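Each chain, written out:
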Amino acid sequence: MDRAFVLPLLAMVLLNALVWLRLYQTRIGEMKRKRIHPQRVATSAEMAQLVEDTRAADNFRNLFELPVLFYAAMLLIIVSRTESEVLLVLAWAFVALRYLHSYIHCTYNRVNDRFSVYLFGAIALWAMWAVMAYTWLR
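Residues numbered from 1 in each chain as written. Predicted model: local features only at pLDDT ≥ 70, side-chain atom pairs only at ≥ 80, totals over all residues. Heavy atoms only, no water.

A. Highlighting the overall build of the protein. Looking only at helices and strands, one finds six helices and zero strands in the protein. Taken over 138 residues, the protein has a buried fraction of 38%. Considering only residue pairs separated by 6 or more positions, the protein has 77% of its internal contacts joining residues 24 or more positions apart. Accessible surface computed for the protein: about 8500 Å², of which carbon and sulfur atoms make up 65%. Charge-centre separation for the protein: the mean point of 15 positive side chains lies 6 Å from the mean point of 10 negative side chains. (Helix = DSSP H or I, 4+ residues; strand = E, 2+ residues; numbered from the N terminus. Buried < 20%, exposed > 50% of the residue type's maximum accessible area, 1.4 Å probe, protein only. Contact = heavy atoms within 4.5 Å. Areas by Shrake-Rupley, 256 points an atom, 1.4 Å probe, with all protein chains shown as cover. Lys, Arg positive; Asp, Glu negative; His and termini not counted. Charge placed at Lys NZ, Arg CZ, Asp CG, Glu CD.)

Structure representation (structure tokens):
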């Protein structure tokens, strides 16, 4: 079953790549439209002052917060061979909710919608860790 657990990992890597591409599409487009020389945005503080559309950049940073615990959980599950259908369902739920979160964040960015999706994704992730802890400690 461990191969099945590689697919959600790859899906999260793909999400990172898609948001990364969106980030550079929007950032370079805005910089060209505003004729901002790259050296003028050498720091994040300068970038924040000159670039208005930070949705993709903000989302890209978000993908290195809770998802880090997802990656750790998935690798531990695979290495320790503690795979289960429950963990796989939770993993896919987390991934699906992260895709939806990124879509909301990078498009219309309504905070209440984004937060609800974030919350359910976080619950799926914490449930994964709870199931893993129960499995290892029983």
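And the narrative resumes.
B. Up close: a nonpolar patch on the surface. Taken together, the side chains of L14, L18, W20, L21, Y24 and I28 make up a nonpolar region of the molecular surface, amounting to roughly 580 Å² of accessible area. Of note, Y24 is situated in helix α1 (residues 2–34). (Patch = residues over 30% accessible without salt bridge, like charges linked within 9 Å, V, L, I, M, F, W, Y side chains within 5 Å. Salt bridge = Lys/Arg side-chain N within 4 Å of Asp/Glu carboxyl O.)

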